[in-house]
Amino acid sequence: MPVQDLRAHAAEALTRARARSTALTDAVDDSDLVRQHSKLMSPLVWDLAHIGSQEELWLVRDVGGRTPIRPDIDELYDAFKHARADRPGLPLLDPAQARAYVREVRAKAFDVLETAPLEGRRLTESAFAFGMITQHEQQHDETMLATHQLRKGDPVLRAEPAPPRRGGPLPPEVFVPGGPFVMGTSAEPWALDNERPAHETTVDAFYLDTAPVTNGAFTEFLDAGGYTERRWWSEDGWSYLREHGISAPRFWHREQDAWWRTRFGVYERVPSDQPVVHVSYYEAEAYAAWAGRRLPTEAEWEKAARFDPETGESRRFPWGNDEPTPSRANLGQRHLSPAPVGAYPDGVSPAGAHQLIGDVWEWTSSDFHGYPGFSAFPYREYSEVFFGPGYKVLRGGSFGTDAAAIRGTFRNWDYPIRRQIFAGFRCARDVSPGEMG
């Protein structure tokens, strides 16, 4: 891409991210911005200033070599220095100060973008630093969206209605052939370190759910006593379930003979045809056991999403190499909920799987680790410090993920207990002896 086009592309991505951050923080009054709505989350005003702090560190100071704007607040907004539960007690910037700070940082960052050579350093090649900061802001926007889901009070966010299903009923599962494929990427210019490098991986043939598990299917698990029968749960999952008195997906409530949910301040009947959301890894794992299936590995998920058996190549997205569009995936919080399964036939993968990008993050059975040849860049704390059995990998993005922060290689990770995130799942199964794909 020519340098001027690259600058324009980075400027547009940064501008779109800032518009979203502004909308999420302007939607509530200042008392809501400084309030901690859950100990799992930061006050919204912390997220806003943290976005500015990271932009100052990487774009203004590092790439631009400019004089620091607010070095006195670096530690306040270092995510590793203070746990989320402790952040309300810190001497944070107030809402007016935070807004002024991020405006000042953005003005200087745009000055840097106009003049910085986008070559010669790995950090600036193909405007990587600007892409990294765009993705960081969009990731915090999704975190702030999750905080909105946790806040009490009337609805403050507006969105378009969920799109309808398009076409007829979907088959329950698709066949994914075994064999090698290229996992990860060495070519995607804004890919983060944990997505790299591209490497050949082999998986056995398997079957994968055509679409994420729906609320209707998950209700069958509930009605069958799934949350009360020990046999479906791992030891850790059962302990967590009993300790916290969990009996349904988060934000669900039973009223007489129906399930209801709270969604961004709206109390509504649970729609049976949408993917289930706000379930932990343990709940996904238990459902899969009850259904006689299992969760897919991360490699299986990526092969189903990217591998084209006709060309033998791995695509950027399930539908091909072109960027996401509103007809291909439910992204960018425009609907504020998952869409009904079958709503995005334009986004189908070569294997026939639907809605692998957008709608809900999908739990996999894999622990988070680096790929062969992994190299931390530009700092260890982005990925490497999280490697190990404590975190499970999620794939595919959610309705709250922006298109700039998702692709077929993108990897998310979280504790298996997490339920406030926009996570769901789909199941897989092995090919039985003698069974044909």
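This text goes with the structure placed above it.
Residues numbered from 1 in each chain as written. Predicted model: local features only at pLDDT ≥ 70, side-chain atom pairs only at ≥ 80, totals over all residues. Heavy atoms only, no water.

Within the protein one finds nine helices and 14 strands. Since a compact globule built from 437 residues should have a radius of gyration of about 22 Å, the 22 Å found for the protein is in line with a globular shape. Along the first, second and third principal axes, the C-alpha set of the protein runs to 65 × 50 × 40 Å. Here the protein holds 437 residues, and 56% of them are scored as buried. With the model as given, the accessible surface of the protein reaches about 18,000 Å², and the carbon-plus-sulfur share is 51%. Of the charged side chains in the protein, 49 are positive and 63 negative, and the gap between their average positions amounts to 2 Å. (Helix = DSSP H or I, 4+ residues; strand = E, 2+ residues; numbered from the N terminus. Rg over C-alpha atoms; globule rule 2.2 N^0.38 Å. Buried < 20%, exposed > 50% of the residue type's maximum accessible area, 1.4 Å probe, protein only. Areas by Shrake-Rupley, 256 points an atom, 1.4 Å probe, with all protein chains shown as cover. Lys, Arg positive; Asp, Glu negative; His and termini not counted. Charge placed at Lys NZ, Arg CZ, Asp CG, Glu CD.)

What follows covers the environment of Y240. The topology assignment puts Y240 in helix α7 (residues 235-244). Counting along the chain gives 42 residues from Y240 to Y282, while the straight-line C-alpha distance between them is 8.5 Å.

Right, let's talk about the side chain of D359 for a bit. Within the secondary structure layout, D359 lies in the loop between β9 (313-314) and β10 (361-368). Look at D359: it is buried, it has no salt bridge, and the nearest opposite charge is R426 at 7.4 Å. (Salt bridge = Lys/Arg side-chain N within 4 Å of Asp/Glu carboxyl O.)

Taken together, four strands build an open sheet; the order of strands is β12-β11-β10-β13 and the sheet is mixed. Strand pairing shows two members of the sheet lacking a second neighbour, β12 (412-414) and β13 (423-424), which therefore form its edges. Across three bridges, strand β11 (residues 388-395) lies against β12 in antiparallel orientation. Paired with V393 across the strands is W413, a residue of β12. (Pairing = 2+ DSSP bridges.)

Along strand β4 (residues 206-209), one buried face is formed by F206 and L208 and the opposite face, lined by Y207 and D209, is buried too. Pairing of strand β1 (residues 173-176) with β4 involves four bridges; the strand directions are antiparallel. Bridging across to β4, V174 finds its partner in L208. Looking at chain direction, β4 and strand β14 (residues 428-430) are connected through three bridges and run antiparallel. Residue pairing across strands places L208 opposite A428, the latter belonging to β14.

Helical periodicity: at 3.6 residues per turn, an α-helix aligns residues three or four positions apart in one direction. The buried fraction of helix α8 (residues 281-290) is high, at seven of ten residues. All of the buried residues along α8 are Y281, Y282, E283, A284, A286, Y287 and A288. Its buried side turned inward, α8 meets α6 (215-223), α7, β10 and β11. Positive backbone phi, approximately 75°, marks G292, located one or two places after α8. (Contact = heavy atoms within 4.5 Å.)

Opposite charge on two side chains permits pairing when their charged atoms draw close. Tallied over the full model, the rule gives 39 salt bridges. The residue D62 makes a salt bridge to R121 at a minimum N-O spacing of 2.9 Å. Of this pair, D62 sits in helix α3 (residues 44-63) while R121 sits in the loop between α4 (95-115) and α5 (128-150), and the two are 59 residues apart along the sequence. Of the residues examined, D62 reaches a relative accessible area of 31% and is grouped as partly exposed. We note a salt bridge from R263 to E268, for which the minimum N-O separation is 2.7 Å. For the residue pair R263 and E268, the accessibility class agrees, reading buried in each case. Among the charged side chains, a salt-bridge network with shared partners connects E173, D209, R293, R429 and E435.

This paragraph deals with the packing of α6 against α8. Contact pair α6 / α8: the axes reach a minimum separation of 11 Å and the direction vectors enclose 80°. When the axes of α6 and α8 are compared, the pair comes out roughly perpendicular. Two secondary-structure elements touch here, α6 through A217, F218, E220 and F221 and α8 through E283, A286, Y287 and W290. Counted by class, the contact of α6 with α8 contains six nonpolar, no polar and two charged residues. (Axes fitted to C-alpha atoms, helices over the stretch in contact; angles between N-to-C directions. Parallel < 35°, antiparallel > 145°, perpendicular 65-115°, else oblique. Nonpolar A, V, L, I, M, F, W, Y, C, P; charged D, E, K, R; others polar.)

It is worth spelling out the sheet that holds β1 at this point. Across the sheet, which stays open at both edges, the three strands sit in the order β1-β4-β14 with antiparallel pairing between neighbours. Here the strands that pair on one side only, and so sit at the sheet edges, are β1 and β14. The sheet shows a mean angle of 25° between the axes of neighbouring strands, taken without regard to direction. Where helix α9 (residues 298-306) meets the sheet, it contacts β1, β4 and β14, and its direction lies at approximately 75° from that of β4.

Per the stated rule, a full pass over the model turns up 36 aromatic pairs. A ring pair is formed by F128 and F377, whose centres lie 5.5 Å apart and whose planes are at 45°; its orientation type is tilted. Placement of the pair is F128 in helix α5 and F377 in the loop between β10 and β11, with a sequence separation of 249 residues. With respect to burial, F128 and F377 carry one shared label: buried. These aromatic residues form a ring-pair network of at least three members: W58, F80, F368, F374, Y379, Y382, F386, F387, Y391, W413 and Y415. A cation over a ring is seen here: R87 above W46, with NZ or CZ 3.8 Å from the ring centre. The ring centre of Y207 lies 4.1 Å from the NZ or CZ of R429, which sits over that ring. (Phe/Tyr/Trp six-rings, centres within 6.5 Å; stacked < 30°, edge-to-face > 60°. Lys NZ or Arg CZ within 6 Å of the ring centre and 35° of its normal.)

Attention now moves to α9. Here α9 lies mainly inside the structure; nine of its nine residues are buried. For α9, the set of buried residues is E298, A299, E300, W301, E302, K303, A304, A305 and R306.

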